[in-house]
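Examining the three-dimensional arrangement
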Amino acid sequence: SLTRVYDPHSAYMSPRQEESFNIAMQLSLVGIGAVLSSDDCYTKIVKIIPGGPADKDNRLRPEDRIVAVSQDGEEPVDVIGMQLDKVVEMIRGAEGTKVHLSVLPAAKGQNAVPEVITIIRNKVELKEQEASGKIEKIKGPDGVEEKIGIITLPSFYMDFTEAAKGNNDY
C-alpha cells in the first residue's frame with residue numbers, strides 16, 4: 001500500500017520475486033546454467049543453457065533427474081518432493097563456488113544409480129532473451145526484390161547495477 005501512495009505503478013516484491021526480476025532484466029544469473037522443472041516429485045533438467053557451466057562440463061543432460069544437492073563440505077540434502085524454487089535456490093550460489101548434484105541419468109532409465117556431478121557456479125548469460133535483428137529479402141508485388149529488417153524483442157531488459165556503475169553496455 002505504501003508504494004502505491006508514492007507511485008501507482010509500483011508494487012512490493014518479495015526477495016525471491018526481486019531476484020527473478022533482476023535475472024530477467026540483466027539477462028544473466030550465477031548458477032550452473034540449466035533450466036529445471038518439477039516432474040513427478042523429481043527436479044528434472046529440461047535444457048542446458050549454451051555456454052553455461054553445465055554445458056562446458058558436458059555431463060548433465062536433459063531429462064536427468066536431480067535427487068540431492070550439497071554445497072562444498074556439507075552433507076547432501078534430499079530434494080525429492082521439494083518445491084522447485086527451493087531446489088533452484090540451493091543450486092544457485094556465489095560465483096566460483098562448487099555445487100554437488102546427485103543425479104539419476106535419464107540414459108540409464110528406471111534402473112539408474114545416482115551419480116554425483118560437481119559443477120563450479122559461474123555467470124550464465126541468457127542470450128535467447130536478447131534483442132536480435134536480421135535482414136531478409138522479399139519480392140514486392142512488382143517482382144522487385146527488397147530488403148526488410150526484422151527486429152525480435154523477446155523481452156525488455158536493462159542491467160540497473162551496471163548502469164549505476166556508468167558502464168555504457170548496460
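Residues numbered from 1 in each chain as written. Predicted model: local features only at pLDDT ≥ 70, side-chain atom pairs only at ≥ 80, totals over all residues. Heavy atoms only, no water.

**Comments concerning the overall build of the protein chain**
Quick reminder of the rule: The helix and strand labels rest on DSSP assignments: H or I over at least four residues marks a helix, E over at least two residues marks a strand, and numbering proceeds from the N terminus. Each radius of gyration is computed over the set of C-alpha atoms, and the globule rule expresses the reference value as 2.2 Å times the number of residues to the power 0.38. Burial here depends on accessible area, computed with a 1.4 Å probe over protein chains only, as a share of the maximum for the residue type. Under 20% is buried, over 50% is exposed, and the range in between is partly exposed.
When helices and strands are counted, the protein chain shows five helices and 10 strands. Computed over its C-alpha atoms, the radius of gyration of the protein chain comes to 21 Å, more than 25% above the 15 Å expected for a compact globule of 170 residues. Counting only C-alpha atoms and orienting by the principal axes, one finds that the protein chain spans roughly 65 × 50 × 30 Å. For the protein chain, with 170 residues in total, the buried portion stands at 26%.

**Quick notes on unusual backbone geometry**
Residues other than glycine seldom take positive phi values, yet C41 does so here, at roughly 75°. With respect to the secondary-structure elements, C41 resides in the loop between β2 (34–39) and β3 (42–48). A positive phi angle is found at E63, which is not glycine, with a value near 85°.

**A short note on the nonpolar core**
To be explicit about the condition: Nine residue types can take part in a nonpolar core, namely buried Ala, Val, Leu, Ile, Met, Phe, Trp, Tyr and Cys, and a core is a set of them joined through side-chain atoms within 4.5 Å. Only heavy atoms enter the contact rule, under which two residues are in contact if any of them lie within 4.5 Å.
I32, L60, I66, V69, I91, L101 and I119 are the most contacted members of the largest nonpolar core, which totals 18 residues. Sorting the residues of this core by element identifies β2, β3, β4 (65–71), α4 (84–91), β6 (98–104) and β7 (115–120) as the ones contributing at least two each. In this structure I32 touches G52, P53, A54, L60, I91, V99, L101, I119 and V124, once residues within four positions along its chain are discounted. Residues I23, L27, L29 and V124 belong to the second largest nonpolar core, which totals six residues.

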